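Chain residues, written in single-letter form:
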There are 4 protein chains.
Amino acid sequence: MAALFRGSRTLLQKSKDHVSLAMVCRSMASKTPVGFIGLGNMGIPMAQNLLKSGYPIIATDAFPESGKELQDQGAQLLDSPAEVAEKADRIITMLPSSPNVLEAYTGPNGILKKIKKGTLLIDSSTIDPSVAREMALASEKMGAVFMDAPVSGGVGAASLARLTFMVGGPEEEFTAAKELLGCMGANVLYCGQVGAGQAVKICNNMLLAIGMIGTAETMNLGIRLGLDPKLLTQVLNMSSGRCWSSDSYNPVPGVMEAVPSANNYLGGFGTTLMAKGLDLGLAQSTATSTSTPIPLGSLAHQIYRTMCARGYANKDFSSIFQFLREEEVQ
Amino acid sequence: MAALFRGSRTLLQKSKDHVSLAMVCRSMASKTPVGFIGLGNMGIPMAQNLLKSGYPIIATDAFPESGKELQDQGAQLLDSPAEVAEKADRIITMLPSSPNVLEAYTGPNGILKKIKKGTLLIDSSTIDPSVAREMALASEKMGAVFMDAPVSGGVGAASLARLTFMVGGPEEEFTAAKELLGCMGANVLYCGQVGAGQAVKICNNMLLAIGMIGTAETMNLGIRLGLDPKLLTQVLNMSSGRCWSSDSYNPVPGVMEAVPSANNYLGGFGTTLMAKGLDLGLAQSTATSTSTPIPLGSLAHQIYRTMCARGYANKDFSSIFQFLREEEVQ
Amino acid sequence: MAALFRGSRTLLQKSKDHVSLAMVCRSMASKTPVGFIGLGNMGIPMAQNLLKSGYPIIATDAFPESGKELQDQGAQLLDSPAEVAEKADRIITMLPSSPNVLEAYTGPNGILKKIKKGTLLIDSSTIDPSVAREMALASEKMGAVFMDAPVSGGVGAASLARLTFMVGGPEEEFTAAKELLGCMGANVLYCGQVGAGQAVKICNNMLLAIGMIGTAETMNLGIRLGLDPKLLTQVLNMSSGRCWSSDSYNPVPGVMEAVPSANNYLGGFGTTLMAKGLDLGLAQSTATSTSTPIPLGSLAHQIYRTMCARGYANKDFSSIFQFLREEEVQ
Amino acid sequence: MAALFRGSRTLLQKSKDHVSLAMVCRSMASKTPVGFIGLGNMGIPMAQNLLKSGYPIIATDAFPESGKELQDQGAQLLDSPAEVAEKADRIITMLPSSPNVLEAYTGPNGILKKIKKGTLLIDSSTIDPSVAREMALASEKMGAVFMDAPVSGGVGAASLARLTFMVGGPEEEFTAAKELLGCMGANVLYCGQVGAGQAVKICNNMLLAIGMIGTAETMNLGIRLGLDPKLLTQVLNMSSGRCWSSDSYNPVPGVMEAVPSANNYLGGFGTTLMAKGLDLGLAQSTATSTSTPIPLGSLAHQIYRTMCARGYANKDFSSIFQFLREEEVQ
């Protein structure tokens, strides 16, 4: 259903002349190489899933040794984002934070130094929406298209190709982005113009954090009031207290299987959330810059900050349940 | 499926001799009269649904005029709970708060003054679990069985017989309770020993309040960041931010139909929650008495308190979205 | 300046006939025995200071061995509050919480069982104002006068007779109360009718807790921003951020001497506050029952609850600074 | 005690050669002209106080009409910061926020375009400490010295020359800065290296906001519990609940005179705080960037955000008391 040649798109947007005929050459239907920049815990399994789907991968990472395994699996490793940009006209970036994204795109060996016109750039890092918009502008000047596509789900979901991608950018590019993202995730959701993917992720994660702490407080209170946690969970999940943290990621050990609470709060996608506090910091700073009151979001942020200060930085974010419980022995 | 005569139950619990043979006479299979005490906004439609299911109703209320309509529909109105207890061996109470419950059960014209042995007492009021346990003890001394069965859902759900009942009490009485409660609700959930219904309701409503305020903050932040509220809702509901307030009772006008936010925050079951602040007060006081930290629950309580002080007492609890938004004109 | 015989007071309040001529016999000017009930960490030094001021002490405690040292210093030990009430017409109670106060006054061996008309009862425990009013009513029925006089300050202040007493009760009895309280404290403050002492203490301690956590957050933030904590403290104390926690009880080690932060958060009057969470629980419950929004007070309560759950129950309440700081090693 | 010529200072800091002999010419002892940039509600009275102290003023503002009155009083008005920098070697800036400061210093007509070597730049705006450090670096490159000196106190204090200045910058320049700042304020406090003035102000205002909301909650709770607000204030101020908001700026109408609460929350220095939410936003963002937990500070921020959304943006920040009180009529 995707056009054979992306150039057909140019017919639809005459006003953007600088992203013009050069785009004709971006390949889509055939499985031409895909660039992948950022081979961390998330990037590796994501790139592996693209490989499995038959896409040749041209990758790079600031720490070359990160790419060893991927190389053994058939990927080509290059020295810098610029070199990747020379060889691929679809590039995915998956980096820890805004400065890394800035470096990978606009740094001295960055993508934009050698980018081909018409290239599709998809950034799956979690960064400030305003930085995403900045990158989109810089890319557009070089005749490329930038989309933000941060993910929901952690290392486990990445391995199983069950991530959710929240995508922002020109709607007419969504199909092209989805072709690749669909190999790495179960849901690829269009959220609006560039930056919207990040904005939606910030919103989702803030509500997630609130729901998780709320669930932990509620379960703890119920247990103190003498309730059986499994029974309480069952009823909550049939009632208006229901939320993802209660029905899919319950923080109380023994209530659900195959979640971090069943494994001493190890693993899980929350590790990142906790260790970096990144997403709630973004919620906080975008709320401050838009003068939006977020009392619970803000308190959730502070609670996770405090947990990090108290030694919980490397546990899953559902360990808030453990944090709130009375210690057995002093 | 219910035993013809409840007396058969006594075989199962020899240890409770005082609730013994007298119970043989409590009727169940045939539709003998059911007592109903408390004819407020919730009590009226609940009693009407019992009537519709074929149960004769013997009712009373502190304000006799409240029962007028019900009387026209065939219910018998008496002057006091004691008189109701004389004539019915299954009694439902639906009262505003603990003092009313104390009065209705143990007051000078209260149920226990004239209660028949073996009577099944079901209290659907929302009260402190410890008061429920106190009533259960007092009832047991009179040879009666007390169960707490607070509801989730408001006037609308009550009218449509779509309430959720959270039931606490002896498990062997649950079938008997469910026979009646099932006529008034869509879900009748067993939660544990007496008081457990209240405890679960407190827990559910605390998590609900947190989820609602969290959803309102999140939607407001998303809108400020330029997102379309319908699209944002869609993505949240497919992601880990999902909760009942986002997918079934969205607080943003225009996102869903047939919810209070679509109707200027009128109607809805939240009115009670807001006007009385009752349930969060119970969460707070049970948390205090059990030394349980509930940071978000506590802040949610304070936010609703503040809203009541600022003129929102009669709006639905989803009006938190309106409360947090910038006023158009000063 | 005090009347020789308190009976002269009856001239002033003819309306309270039941507290009438019998009061003539309550001695004041001479140092007649004073009853003291409750010989805990606070009660002992308080009673000792009365002894030092020349008042014979007749004491009792639920744990008789608590009174050993006091007995060696000259106090008479009796078996129950009732026996104390038989022998003294001025009685001070200093007990852990409401149930103990109820027991000591209205229990089977309670004060009111043997109280003499005209007795002056001063309760320095920290309890709910409504319990204080209840005790006052019960005492009045027996012809006695009850005043609430909770203290500010801890064991150290008690030893040095530098407590602050917040007194509620009939204004015309204040002089009589002050005569005794002045031997144990540096400030004896009249706060209003009975219960007002408790209400003021609840208010003071809520604001204290907020101020302490606020000071700890502020100092921690300042240090993270590169400020010198001593210099920061100096400037705060000359500015609008100044509060008792910043200028008299600074929570940062090294800033002040002779405060718990200089001693690994040991000692200090906060121990009780932290261990029992008592006072903030009272703030919370009185706020709930009066529908008063206390967002910061409530969060302060939750933070101290969480600290207790995390092993801080026996440290001074200024250890919130330590709790918020990044741990050195994980 | 100040050196006649500042050049003597260069002997002390040979390592900073680029801020060298040129500084010899900055005048100090005699009352040479002082530049003043930013003639808003605060800037005007500050400049007037310098005039009163005998300093010729050379001023400018983005809105020239702002300077009319000052001109009538003898100040010279110029068109841009650059022109001011040409004529004065001591310049004070008092601007609304970071972008204005950036513009005034580094903009196309900014100070640094025409600055003379050795010029002393004092910025009394309230901005992010990192922006202050950035300005200091840029100034240093031009051979000038930049100090941050944000103020505590509002329009009233500015008029009466009773501001408090919190000063950051090279300690050896403090005397020179104090000479001018002392004409406009009652306290001039040295806080540390450049940026420290801002950091201290952020800290002070965060603690101030917490103290004010805490005081409002406490006074409201006390009143609900039946206490007399004046009596409650008196006792708090003698006890550990004491803070600047309780003893110097009480938010309850009728308790103190000559504070905004006595005047329907008009006037007062809080207006700015409330209207811009500026300072708490800075606390929030510096806390986020330094991973510092500030639970109460953060909630205070959110409460003021909510108040602004509810129509309180132009009232004094002590109007939090009014905001929390029950409305008379719904």
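Residues numbered from 1 in each chain as written. Chains lettered and ligands numbered in written order. Predicted model: local features only at pLDDT ≥ 70, side-chain atom pairs only at ≥ 80, totals over all residues. Heavy atoms only, no water.

This is how the line gets drawn: UniProt positions are given in the numbering used here, feature names are shortened, and annotations may be inferred rather than shown by experiment.
Looking at an unreviewed UniProt entry, one finds chain A named 3-hydroxyisobutyrate dehydrogenase and attributed to Anguilla anguilla. Within the UniProt record for chain A, the comment given under Subcellular location (unreviewed entry) is "Mitochondrion". Entered under Pathway (unreviewed entry) in the UniProt record, the comment concerning chain A runs "Amino-acid degradation; L-valine degradation."

1. Focus on the interface of chain B and chain C
Test applied: Between two residues, a contact is recorded if the distance between any of their heavy atoms is within 4.5 Å. Here the quantity called buried area is the total loss of accessible area, with a 1.4 Å probe, experienced by two parts when brought into contact, counted for both. Only one rule defines a salt bridge in this text: a Lys or Arg side-chain nitrogen within 4 Å of an Asp or Glu carboxyl oxygen. Whenever two N or O atoms come within 3.5 Å, that pair is a polar contact, provided that in protein one can donate a hydrogen and the other can accept it, and provided that, for residues adjacent in sequence, both atoms are side-chain atoms. Each helix corresponds to a stretch of at least 4 residues labelled H or I by DSSP, and each strand to a stretch of at least 2 residues labelled E; elements are numbered beginning at the N terminus. The residue classification treats Ala, Val, Leu, Ile, Met, Phe, Trp, Tyr, Cys and Pro as nonpolar and Asp, Glu, Lys and Arg as charged. All others, Gly included, are polar.
Each side of the interface is counted separately: chain B has 14 residues, and chain C has 14 residues. Approximately 1,100 Å² of surface area, both sides summed, lies buried where chain B meets chain C, with 58% of it carried by carbon and sulfur atoms. Together, Thr288(B), Gln302(B) and Arg305(B) form the three largest contributors to the area buried by chain B at its contact with chain C, with a combined 44%. At the junction of chain B with chain C, the criterion picks out zero salt bridges. Across the contact surface, chain B and chain C share eight residue pairs in polar contact (both at pLDDT 80 or more). If you list the elements that add at least two residues to the side of chain B that touches chain C, you get α13 (278-289) and α14 (295-312) of chain B. Among the elements that line the side of chain B that touches chain C, the one with the most residues is α14(B), at six residues. Across the side of chain B that touches chain C, the residue classes tally to four nonpolar, nine polar and one charged.

2. Things to note about the interface of chain D and chain C
Every contact between the two is made by 59 residues of chain D and, on the other side, 59 residues of chain C. Taken together, the two surfaces of chain D and chain C that pack against each other cover about 5,000 Å², and 70% of this comes from carbon and sulfur. On the chain D side of the contact with chain C, Leu207(D), Ser240(D) and Leu296(D) bury the most area, a combined 14% of that side's loss. Counting every contact that joins chain D to chain C gives two salt bridges. Ionic pairing is found between Arg242(C) and Asp247(D), a salt bridge with its closest N-O pair at 2.9 Å. Along the contact surface separating chain D from chain C lie 20 residue pairs in polar contact (both at pLDDT 80 or more). Residue assignment for the side of chain D that touches chain C shows that the elements contributing at least two residues are β8 (163-168), β9 (185-192), α9 (196-224), α10 (229-237), α11 (244-247), α13 (278-289) and α14 (295-312) of chain D. Per-element tally for the side of chain D that touches chain C: the top contributor is α9(D), with 20 residues.

3. Overview of the relation of the copies chain B and chain C
The line we're drawing: A least-squares superposition brings the copies together, and it is based on the C-alpha atoms of residues with pLDDT no lower than 70 in both.
Placing chain B over chain C gives an RMSD of 0.1 Å and needs a rotation angle of 180 degrees, together with 0.1 Å of translation along the axis. The superposition of one copy onto the other is thereby described by a two-fold rotation axis. By residue overlap, the copies meet face to face through one surface: 100% of the interface positions of chain B are interface positions in chain C.

4. Focus: the pairing of strand β1 (residues 34-37) of chain A
Residues and elements named next belong to chain A. To keep it simple, the criterion reads: Only protein chains enter the calculation, and the probe is 1.4 Å; a residue is then buried if its accessible area is under 20% of its type maximum, exposed if over 50%, and partly exposed in between. By this definition, two strands are paired if DSSP reports at least two bridges between them.
Residues Val 34 and Phe 36 of β1 are buried on one face, and the alternating residues Gly 35 and Ile 37, pointing to the opposite face, are buried as well. Note that β1 and strand β2 (residues 57-60) share four bridges and pair parallel. Its bridge partner being in β2, Phe 36 is matched across the sheet by Ala 59. Examined bridge by bridge, β1 and strand β4 (residues 90-93) share three bridges and lie parallel to one another. Along β4, the bridge assignment pairs Ile 37 with Thr 93.

5. Quick word on the environment of Pro150(A)
Residues and elements named next belong to chain A. Looking at the secondary structure, you find Pro 150 in the loop between β6 (145-148) and β7 (151-152). Sequence separation between Pro 150 and Asp 123 is 27 residues; the distance between their C-alpha atoms is 6.9 Å. For Pro 150, the contacting residues outside a window of four places in its chain are Asp 123, Ser 124, Ser 125, Thr 126, Thr 164, Phe 165, Met 166, Gly 197, Gln 198 and Lys 201.

6. Some remarks on the UniProt feature "active site" (unreviewed entry) in chain A
Residues and elements named next belong to chain A. Those residues carrying the UniProt feature "active site" (unreviewed entry) are Lys 201 in this numbering. With respect to the helices and strands, Lys 201 occurs in helix α9 (residues 196-224). For Lys 201, a relative accessible area of 8% puts it in the buried group. Side-chain polar atoms of Lys 201 contact the backbone oxygen of Val 151, separated by 3.1 Å.

7. Some points on unusual backbone geometry
The backbone of Ala258(B) shows a phi angle near 60 degrees, a positive value even though the residue is not glycine. For Ala258(B), a relative accessible area of 80% corresponds to the exposed category. For Ser291(D), which is not glycine, the phi dihedral falls at a positive 55 degrees. Following the sequence through the fold, Ser291(D) ends up in the loop between α13 and α14.

8. Points about helix α1 (residues 43-52) of chain D
Counting buried residues in α1(D) gives eight out of 10 residues, a clear majority hidden from the surface. Trailing α1(D) by a residue or two, Gly54(D) shows a phi angle of about 100 degrees, which is positive.

9. Considerations on the confidence of the model for chain A
All names here are of chain A. Our working rule: pLDDT: the predictor's confidence for each residue, scored from 0 to 100.
In the predicted model, chain A carries a mean pLDDT of 87, and the fraction of residues at 70 or more is 86%. Across residues 1-27, where pLDDT falls below 50, the model places 46 contacts with residues more than four positions away in sequence or in other chains. Here the predicted complex scores 0.85 on pTM and 0.86 on ipTM.

10. Focus on the relation of the copies chain D and chain C
Turning chain D through 180 degrees and shifting it by 0.0 Å along the axis lays it on chain C, with an RMSD of 0.1 Å. Taken together, the interface assignments show that 100% of the residues at the interface of chain D recur at the interface of chain C, consistent with an identical surface on both copies.

11. Topic: the packing of helix α4 (residues 98-106) of chain D against helix α6 (residues 129-141) of chain D
All names here are of chain D. We apply this condition: Helix axes use the C-alpha atoms of the stretch in contact, all axes being lines fitted to C-alpha atoms, and the angles between their N-to-C directions lie in the range 0 to 180 degrees. Should an angle fall under 35 degrees it is taken as roughly parallel, and over 145 as roughly antiparallel, whereas 65 to 115 is taken as roughly perpendicular and any remaining angle as oblique.
In the contact formed by α4 and α6, the axes pass within 11 Å of each other and the chain directions differ by 0 degrees. As the angle between them shows, α4 and α6 are arranged roughly parallel. In contact with Ser 98, Val 101, Leu 102, Tyr 105 and Thr 106 of α4, α6 contributes Val 131, Glu 134 and Met 135. Class assignment for the residues of the contact of α4 with α6 results in five nonpolar, two polar and one charged.

12. Overview of helix α10 (residues 229-237) of chain A
We count it as follows: To obtain the arc, one takes the directions from the helix axis to the C-beta atoms.
Every buried residue belonging to α10(A) is among Leu232(A), Thr233(A), Val235(A) and Leu236(A), and all of these are buried. One side of α10(A) carries all its buried residues, which in axial view fall inside an arc of 165 degrees. Looking at the buried side of α10(A), the elements it contacts are α9 and α11 (244-247) of chain A together with β8 (163-168), β9 (185-192) and α9 (196-224) of chain B.

13. What to know about the nonpolar core
Where we set the bar: Among the buried residues, those of types Ala, Val, Leu, Ile, Met, Phe, Trp, Tyr and Cys that are joined through side-chain atoms within 4.5 Å form a nonpolar core.
Formed by 180 residues in total, the largest nonpolar core has its most connected members in Ile320(A), Ile320(B), Ile320(C) and Ile320(D). When near neighbours in sequence (up to four residues on either side) are disregarded, Ile320(A) contacts Met212(A), Ile213(A), Ala216(A), Ile303(A), Tyr304(A) and Met307(A).

14. Considering the packing of aromatic side chains
All names here are of chain A. Applied cut-off: Working definition: rings of Phe, Tyr and Trp (its six-membered ring) pair if their centres are within 6.5 Å, and the pair is stacked with planes under 30 degrees apart, edge-to-face with planes over 60 apart, and tilted otherwise. The criterion for a charge sitting over a ring is simple: Lys NZ or Arg CZ within 6 Å of the ring centre, and within 35 degrees of the ring normal.
Counting across every chain of the model gives 26 aromatic pairs over all chains. Summarising the aromatic geometry, the rings of Tyr 312 and Phe 323 are spaced 5.4 Å apart at their centres and angled 85 degrees between planes, so their arrangement reads as edge-to-face. One end of the pair, Tyr 312, is in helix α14 (residues 295-312); the other, Phe 323, is in helix α15 (residues 320-324), and 11 residues separate them in sequence. Clustering of aromatic rings is evident, with ring pairs tying together Trp 244, Tyr 249, Tyr 304 and Phe 317. The ring of Tyr 55 has Lys 31 lying over it, and the distance from NZ or CZ to the ring centre is 4.9 Å.

15. What to know about the state of the cysteines
Residue and element names in this part refer to chain D. We apply this condition: Note that a disulfide, as used here, is simply two cysteine sulfur atoms within 2.5 Å.
Per the counting criterion, the structure on display carries zero disulfides over all chains. With no disulfide of its own, Cys 203 has Cys 191 as its nearest cysteine by sulfur position, at a separation of 9.9 Å. Of the residues examined, Cys 203 reaches a relative accessible area of 0% and is grouped as buried.

16. Some details on the pairing of strand β4 (residues 90-93) of chain C
Residue and element names in this part refer to chain C. Of the two faces of β4, the one carrying Arg 90 and Ile 92 and the one carrying Ile 91 and Thr 93 are both buried. Sheet topology note: the β4/strand β5 (residues 120-123) ladder contains four bridges and is parallel. Looking at the pairing, Arg 90 lines up with Leu 120 of β5.

17. A few points about the environment of Ser80(D)
Residues and elements named next belong to chain D. One can find Ser 80 in the loop between β3 (76-77) and α3 (81-87). Distance in space between the C-alpha atoms of Ser 80 and Arg 90 is 15 Å, their sequence separation being 10 residues. Not counting the four nearest positions on each side in its chain, Ser 80 is found in contact with Thr 60 and Asn 109.

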